[in-house]
Amino acid sequence: MQRIEEKLKILADAAKYDVSCSSSGSTRKNKGGIGDASASGICHTYTEDGRCVSLLKILLTNHCIYDCAFCVSRKSNDVKRAAFTVEEVVDLTMNFYRRNYIEGLFLSSGIFKNADFTMERMLRIVKKLRQEERYNGYIHLKTIPGASEELIKEAGLYVDRMSINLELPTEAGLKLVAPEKDHESVRKPLAFVNEQMKSFKEEKKLIKHTPIFVPAGQSTQMVIGATPENDFEIMQVADDFYKNYNLKRVYYSGYIPINNGNSLLPQIGSAPPLVRENRLYQTDWLLRFYGFRLDEILNPQHIHLDLDIDPKLSWALRNPHFFPVDVNTADFNAIIRIPGIGRQSAVKIVQARKFGRLYTYQLQKMGIAYNRAKYFLQCVDTPFILGNPSMEHVRNAILSESSSGNRRQTVTGQLTLF
């Protein structure tokens with residue numbers, strides 16, 4: 001038991017650098033076994049910087065044949081090594097679940113011996129959980145780059161989500177710090193799983209009892225700040241992956257310096273660039289849920305996100321001709337482009353104006369960030385102003401109001417099991 005606990009400390013700590021562990025999106029039902037990955041069975045717990053901590057998040061092993069400069073588990077790093085057996089991971093998952101410590105499993109691994117050797121053991125774990133333990137809870141499995149398609153396909157029948165890390169946004173950046181790896185070994189399994197998902201959905205139309213295959217979809221992760229890519233290059237890659245591989249999420253992990261002796265990596269102190277990471281997530285959200293095109297937010301003339309203001313506000317300040325938007329007449333797609341108004345608030349506005357024209361006090365009651373939105377919208381009692389304030393004046397006013405308010409202290413680290 002003491003040995004298992006020591007392994008768990010080592011391999012749970014090594015797994016904390018992987019942020020792509022969201023557990024939403026699965027529709028796997030409980031059919032008489034243990035656990036439930038449907039909406040009622042998964043309990044989400046997030047830190048304030050967006051990381052999900054409701055899963056048992058471990059590595060199968062931190063032994064690795066690669067020597068990636070940015071990775072804590074690289075083969076040249078002098079750290080304690082450990083490896084679970086298949087039975088140990090299964091027992092830990094079931095015992096933690098029964099004690100209500102976790103709501104699912106996130107399993108990744110360093111690559112030991114070769115990709116197929118590692119992937120085969122990960123497959124045995126998820127297969128044993130599903131078939132022998134009758135576990136129907138959420139499972140997120142990391143695909144091993146270079147593993148055979150046969151192993152990947154079989155694993156997809158037992159897990160809810162699969163993901164494979166892109167590591168660095170560009171091939172040039174990857175070769176700089178991980179010369180043994182390439183992006184093709186990531187794109188190929190992503191494309192294969194995407195095609196299999198489409199195939200299973202088509203087969204489902206003809207055969208009722210077709211097995212489910214990766215019901216929660218795929219995701220990937222990029223390390224941000226370890227190599228000199230700009231925000232435009234990063235989001236170009238993310239946009240391409242969303243369009244070509246139908247990904248559910250792209251995760252952006254701020255580079256955490258763990259290899260200070262390597263001259264190829266930036267020396268940025270101990271804190272990861274969480275503000276930049278947050279701006280990338282906000283941009284990602286605008287692309288997926290707000291109808292923005294990438295070239296509206298980032299382009300060759302505007303390659304960096306503004307760290308002082310969010311990307312929607314930045315776009316609004318650069319496009320004053322779009323405003324003010326009359327919330328009593330504008331359509332939904334125009335309203336959600338107003339800084340300070342989210343999708344839910346926009347829905348409330350569209351529904352409320354069916355019963356009468358909207359006033360300022362009504363907008364404030366809907367929960368919009370009115371102190372920000374007021375510069376970009378118009379309603380019944382909006383005061384008439386001669387001339388339009390300059391966008392620089394608007395920016396300064398919003399920043400001044402933000403800095404004068406009380407700010408909450410945020411947790412910037414990831415929670416631990418111990």
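Thresholds, definitions, all that
- Residues numbered from 1 in each chain as written.
- Predicted model: local features only at pLDDT ≥ 70, side-chain atom pairs only at ≥ 80, totals over all residues.
- Heavy atoms only, no water.
- Helix = DSSP H or I, 4+ residues; strand = E, 2+ residues; numbered from the N terminus.
- Expected span 1.5 Å × (residues − 1).
- Buried < 20%, exposed > 50% of the residue type's maximum accessible area, 1.4 Å probe, protein only.
- Contact = heavy atoms within 4.5 Å.
- Pairing = 2+ DSSP bridges.
- Right-handed = clockwise from strand over helix to strand, strands pointing away.
- Core = buried A, V, L, I, M, F, W, Y, C linked by side-chain atoms within 4.5 Å.
- Salt bridge = Lys/Arg side-chain N within 4 Å of Asp/Glu carboxyl O.

(A) Summary view of helix α8 (residues 274-289). For α8, with 16 residues, the first-to-last C-alpha span of 22 Å sits near the 22 Å given by 1.5 Å per residue. Among all positions in α8, only L274, R276, E277, R279, L280, Y281, T283, D284, L286 and L287 are buried. In this fold, the buried residues of α8 make contact with β5 (218-224), α7 (231-245), β6 (249-254), α9 (294-297) and α10 (311-318). G291 sits one or two positions beyond α8 and adopts a positive phi of about 75°.

(B) Representation of the pairing of strand β2 (residues 104-108) within the structure. For β2, the tally of buried residues reaches 5 of 5 residues, placing the bulk of the element in the interior. Where burial is concerned, the two faces of β2 agree: the one with G104, F106 and S108 and the one with L105 and L107 are both buried. In the sheet, strand β1 (residues 56-59) pairs with β2 via 4 bridges, with the strands oriented parallel. Across the sheet, residue I58 finds its bridge partner in β2, namely L107. Note that the unit made of β1, helix α2 (residues 86-98) and β2 has a crossover that is right-handed. After leaving β2, the chain enters helix α3 (residues 115-131) and then returns to the sheet as strand β3 (residues 138-142), a path that is right-handed.

(C) Representation of α10. The buried count for α10 comes to 7 of 8 residues, which makes it a mostly enclosed element. Within α10, burial applies to P311, K312, L313, S314, W315, A316 and L317.

(D) How the structure looks around the nonpolar core. Of all hydrophobic cores here, the largest spans 61 residues; its most connected members are I58, L107 and M119. Not counting chain neighbours up to four residues away, the residues in contact with L107 comprise I58, L59, L60, V89, M122, I125, H140, L141 and K142. Judged by nonpolar contacts, the second largest core, of 56 residues, contains L287, W315, I338 and I398.

(E) Structural detail: unusual backbone geometry. The step from F323 to P324 runs through a cis peptide bond, and the omega angle for that step is 0°. Take P324: it is sitting in the loop between α10 and β7 (325-326). At N100, a position not held by glycine, the phi torsion is positive, near 65°. Along the chain, N100 falls in the loop between α2 and β2. For K113, which is not a glycine, the phi torsion comes out positive at approximately 70°. Along the chain, the position of K113 falls in the loop between β2 and α3.

(F) Layout of the pattern of salt bridges. The full count for this structure, using the stated rule, is 20 salt bridges. Between E167 and K181 there is a salt bridge, and its shortest N-O distance comes to 3.2 Å. Placement of the pair is E167 in the loop between β4 (161-163) and α5 (171-177) and K181 in the loop between α5 and α6 (184-206), with a sequence separation of 14 residues. K181 carries the same exposure label as E167, and that label is buried. One salt bridge in this structure joins D310 and R372, with 2.7 Å as the shortest N-O distance. With D310 in the loop between α9 and α10 and R372 in helix α14 (residues 370-373), this pair connects stretches of sequence that are 62 residues apart. The network of salt bridges with common partners includes D306, D308 and R395.

Don't take any of this as a statement about function, it's just geometry.
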